[in-house]
Amino acid sequence: MWRYTLKRMLVAVPMLLGISLLTFVLMRVTPGNYLDTIRMDPQFSKETIRHYEQLYQLDKPLAQQYIRWIYNLLHFELGYSFHYNVPVHKIIGERVWNTFVLSLSAFLFTWCIAIPLGIGAALNRNRPVDRAVQFFSYIALSFPGFFLAMIFLFWASQTGILPLGGMHSPDYDRLGMGGKIVDLLKHLVIPTRALSVGSIAALQRLMRGNMLEVLGQRYILTARAKGLPEGRVVYHHALRNAVNPLITLLGYEFSSLLSGAALIEIICSWPGLGSLMLTAVRSKDVYLVMASMLMGSILFMVGNLLADIALAKVDPRIRYD
Amino acid sequence: MVLATTSDPRSFNDILAKETSTSLVTDLIFEGLTTTNASTTKVEPNLAKSWDISEDGLTWTFHLREDARWNDGQPFTADDVVFTFNGLIYNPDIPSSARDIFTVDGKTFQVEKMDDYTVRFTLPVKFAPFLRGMSQAILPQHKLQKAVREGRFNFTWGIDADPAEIVGTGPFKLVRYDPGQRLVFERNPYYWKKSFDGDPLPYLERIIYLIVPGVDVGLLKFMEGTLDGYTLRGMDYPLVKPLEAKNNFTVYDLGPDTGSQFLFFNQNSGRNPQTGQPFVAPYKLAWFTDLEFRKAVAHAVDKEKIIEIVDNKLGYPQHSAMGPAAGFFYNPHVAEYDYDLNKARAILAAAGFSDRNGDGFIEDPRGNTVEFSLYTNAGTTERVDIAAIIREDLERLGMKVHFQALEFNTLVSKLTSRFDWEAVILGLTGGIEPHFGKNVWMSSGQLHMWYPMQEKPATAWEKRVDEIFDQGVQELDENKRKELYDEYQLIVSRELPLIYTVLGARLYAVRNKFGNLKPTNYGGVFHNPEELYMKEGYR
């Protein structure tokens, strides 16, 4: 197991290098650079713009810029953001955390709702309960998350029960510890819902399908035949096998949530990585984009690795050595 | 008071960063020697209580306030002023747009301390915008000198700085910054300004700026009551206005905005140094440099329709290079081009443009179909809409227009370095000081977009505009200055290098809980944060 983990981590290194190189090249071959915004400002002279070029080292050859960035990366430095004029890690640290909080919340919410819902639907197959769940799942699946976010925000503005976007209230810094937690939870409700509705619908259908498949197996018949109580048949024998394929999904779901939250973050003014990256890409803040890409990729890879390891732990048939 | 901004500040360092999201913060914290009165747009004393000018107009002596203090309690003195200029703005290691403003013909100003509360500026030549330019924020020597000496200034007072380190003389101080979320300001207890009755200012305890990237979410937040004020777009007006009484707020329409939107053609006769090809095909260049052609296009710009569609009927047609918001220097008596397609057709026909082969498109005298590409930047729906309206009318005149919305950076590199474009719709923000438009109007400027960075003026009228800007900057008599800038506005309205469209309206919605609110066109609704107070019952 350890050897496998180590191998996966080693494979990740050239992959990350490739991603960073691709990002860098894409950012630099597309026309324009960070200083274009300043160029269109009547109050900046040519000399000042040249001065900035030197400061940001935009006057050096491309290869040299990239190698320098890699060199700094090996010293755990992610470079400077042009736009904010501070080291990149000072900006993205908090943003990564905020995105993580939102993703974790959406992830927990999705799984806590979808799994029981799927089981329930499977056990009540073709009864009105099941029909209703499937009907609403279809509807939920066909709504894009960002649209739901807007509907929720509009609803919140009409009722005034929930805060309208953002992560904290304006007076957050004056609240006590308990108040801060409640405040954060209240702000989490809308983006979490918007992110989860689609995944709940999808995951619930998967769970239902798996469960039905397992319930049709001979060993379930055997279990029932030998007179085990129904609860034990379902939760001990069937569930364990039905959930296995979903474990693979777990890591993937989580990592895709991290990257997929961007739109919802922007709509809900959630101060996460996604909204930061969008502005960075648009203003051509190269090193900030590269660092955010790198963070996103690492989170993605770690998510997948964890899923694979978890699968090996749960399913004795899987061995990686 | 809770307000909103769409993006994070870039820095808290007023010398290094100058865009809106930053100046929103720095304007509350820092002050200059002078300030611009928001209602009269005249220059007024601020950190300097008075000043004297020598006979020749070159030596300015400023007498500083003796009661001003930095918000950490240290006294403000002449040393801080000298430091801000000699130590920061004129420091060759610090990139700053302020240096461009305070450099005339490549020469800097001499700044000397006479005594603790007197500073003398000696200018190399007369410089009319000097007094207004003295609104440049003064920064504290005692906080920054060490960083400058150690070469760290370019990375000082970044967004990662401890708010307590950011020390200014202004009415408020920064106490907290949560990236992507909010900025919290508290009143500066050492602020020098007193109210009419002698009460210490400011009245407000706290100002909070929420960072809300989505404009629509911001509007919802205002309607719901989280925000106390919000900048409206024309399209929001019919939605928001009817709710004034019910939701207890007021919508202020403060007249035309300063930002202009215009169409212009590439008149660059240069060649690409690498390929030797002309930037613009010579036969097209002949149209674009033909004043009659540009006049016809100007008559095809339906300003009324743009105002109706883009600004929801809340806009103003723009005729002059300096809009009405420029106040004193605005010249309303310039050439105007009414929307009249028949007139446009007649002008084109007289200039030799007509549909000779009957294909529905007009040809120039040599038989080339009038066909060009029109760019604007994607992301501003306003400009894309304007482009669509203008294009429709140009096609009615028989021109073939290929419209494309480009990414902002792509468009900028076309305009400033590659020069391979034909027609563009773009906007610039304006101000009240005409000289600060010199990069646009002088033929050597890099924002002289229709033909930038000319070695010598390509046309007689461009030569005259160059002269006007050279004279205007040295003319200290306000009225004579106005005459000069009136002439430049008249010239460019006749020569049409930029074909202006419309100006949006400055609209704000403010909750009815503040006293001393004095909205003006120049300053907006919150230009006097130190005087605002919460009315009884809202505290």
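Everything numeric here is computed off the predicted structure, so don't read it as measured data.

*Asks:* What should I look at first to understand the overall build of chain A in this one?
*Replies:* A count of helices and strands for chain A gives 13 helices and zero strands. Reading the helices (α) and strands (β) of chain A from amino to carboxyl end gives α-α-α-α-α-α-α-α-α-α-α-α-α. By its C-alpha atoms, chain A is 85 × 55 × 40 Å across when sized along the principal axes. Split into buried and exposed, the 321 residues of chain A put 47% on the buried side. Taken as a whole, chain A presents about 16500 Å² of accessible surface, with 67% of it coming from carbon and sulfur.

*Asks:* Would you mind going over a nonpolar patch on the surface with me for this structure?
*Replies:* Residue and element names in this part refer to chain A. A cluster of nonpolar residues, Phe-135, Phe-136, Ile-139, Phe-143, Phe-146, Phe-147, Met-150, Ile-151 and Leu-263, forms a patch on the protein surface that exposes about 830 Å² of accessible area. The set of elements that each furnish at least two residues to the nonpolar patch consists of helix 6 (128-142) and helix 7 (145-159). With four residues, the single largest contributor to the nonpolar patch is helix 7. On the basis of relative accessible area, Phe-143 is assigned to the partly exposed category, the value being 33%.

*Asks:* Could you clarify how one ought to interpret the sheet that holds strand 10 (residues 172-178) of chain B in this entry?
*Replies:* Paired through their backbone hydrogen bonds, the strands of a sheet run either parallel or antiparallel. All names here are of chain B. Pairing in this open sheet of four strands is mixed, and the strands run 1-12-11-10 from one edge to the other. Each edge of the open sheet carries a strand with a single partner, namely strand 1 (2-5) and strand 10. Recorded for the sheet is a direction-independent mean angle of 25 degrees between the axes of neighbouring strands. As paired elements, strand 1 and strand 12 (residues 206-211) share four bridges and run parallel to each other. Bridge assignment links Val-2 to a residue of strand 12, and that residue is Ile-208. Helix 1 (residues 20-29) contacts strand 1, strand 10, strand 11 (182-187) and strand 12 of the sheet and is inclined by roughly 10 degrees relative to strand 11.

*Asks:* Help me out: how do you make sense of the pattern of salt bridges in this one?
*Replies:* Oppositely charged side chains can pair when the atoms bearing their charge come close. Residue and element names in this part refer to chain B. Inspection of every chain in the model, using the stated rule, returns 38 salt bridges over all chains. Between Arg-506 and Asp-257 there is a salt bridge whose closest N-O contact spans 3.8 Å. Of this pair, Arg-506 sits in strand 19 (residues 498-511) while Asp-257 is found in strand 14 (residues 249-265), placing the two residues 249 residues apart along the sequence. For Asp-257, a relative accessible area of 28% gives the class partly exposed. One salt bridge connects Glu-392 with Arg-396, and the closest N-O pair in it is separated by 3.2 Å. One end of the pair, Glu-392, and the other, Arg-396, are both in helix 13 (residues 381-396), four residues apart, so they sit about a helical turn from each other. A single salt-bridge network, built from bridges that share partners, covers Lys-305, Glu-392, Asp-393 and Arg-396.

*Asks:* So what exactly am I meant to see when it comes to the packing of helix 4 (residues 62-74) of chain A against helix 13 (residues 286-314) of chain A here?
*Replies:* For any two helices packed against each other, the geometry is given by the interaxial angle and the distance between the axes. Residue and element names in this part refer to chain A. Between helix 4 and helix 13, whose axes approach to 13 Å, the crossing angle comes to 50 degrees. Considering their axes alone, helix 4 and helix 13 lie oblique with respect to each other. At the point where helix 4 passes helix 13, the crossing takes the right-handed sense. Side by side, helix 4 and helix 13 meet where Gln-65, Tyr-66, Trp-69 and Leu-73 of the first sit next to Tyr-287, Met-290 and Leu-294 of the second. Partitioned by chemical class, the residues of the contact of helix 4 with helix 13 number six nonpolar, one polar and no charged.

*Asks:* Looking at this structure, how should I read the domain arrangement of chain B?
*Replies:* The figure often quoted for interface size is the accessible area lost as the parts come together. All names here are of chain B. Under the domain assignment used here, chain B contains domain 1 (2-26 + 155-256 + 506-534), domain 2 (30-149) and domain 3 (260-503). With 25 residues of domain 1 in contact, the opposing surface of domain 2 contributes 32 residues. Buried area between domain 1 and domain 2, both sides added, is near 2500 Å², and the carbon and sulfur share of it is 64%. Along the contact surface separating domain 1 from domain 2 lie one salt bridge. Salt-bridge contacts for Glu-165 lead to Lys-143; the nearest nitrogen and oxygen are separated by 3.5 Å. Connecting domain 1 to domain 2 are seven residue pairs in polar contact (both at pLDDT 80 or more). Here the residues of the side of domain 1 that touches domain 2 sort into eleven nonpolar, ten polar and four charged.

Procedures and definitions
- Residues numbered from 1 in each chain as written.
- Chains lettered and ligands numbered in written order.
- Predicted model: local features only at pLDDT ≥ 70, side-chain atom pairs only at ≥ 80, totals over all residues.
- Heavy atoms only, no water.
- Helix = DSSP H or I, 4+ residues; strand = E, 2+ residues; numbered from the N terminus.
- Buried < 20%, exposed > 50% of the residue type's maximum accessible area, 1.4 Å probe, protein only.
- Areas by Shrake-Rupley, 256 points an atom, 1.4 Å probe, with all protein chains shown as cover.
- Patch = residues over 30% accessible without salt bridge, like charges linked within 9 Å, V, L, I, M, F, W, Y side chains within 5 Å.
- Salt bridge = Lys/Arg side-chain N within 4 Å of Asp/Glu carboxyl O.
- Pairing = 2+ DSSP bridges.
- Axes fitted to C-alpha atoms, helices over the stretch in contact; angles between N-to-C directions.
- Contact = heavy atoms within 4.5 Å.
- Parallel < 35°, antiparallel > 145°, perpendicular 65-115°, else oblique.
- Left-handed = near helix turned anticlockwise from the far one by under 90°.
- Nonpolar A, V, L, I, M, F, W, Y, C, P; charged D, E, K, R; others polar.
- Domains from an automatic or database assignment.
- Buried area = accessible area lost by both parts, 1.4 Å probe.
- Polar contact = N/O pair within 3.5 Å; in protein donor to acceptor, adjacent residues only side chain to side chain.

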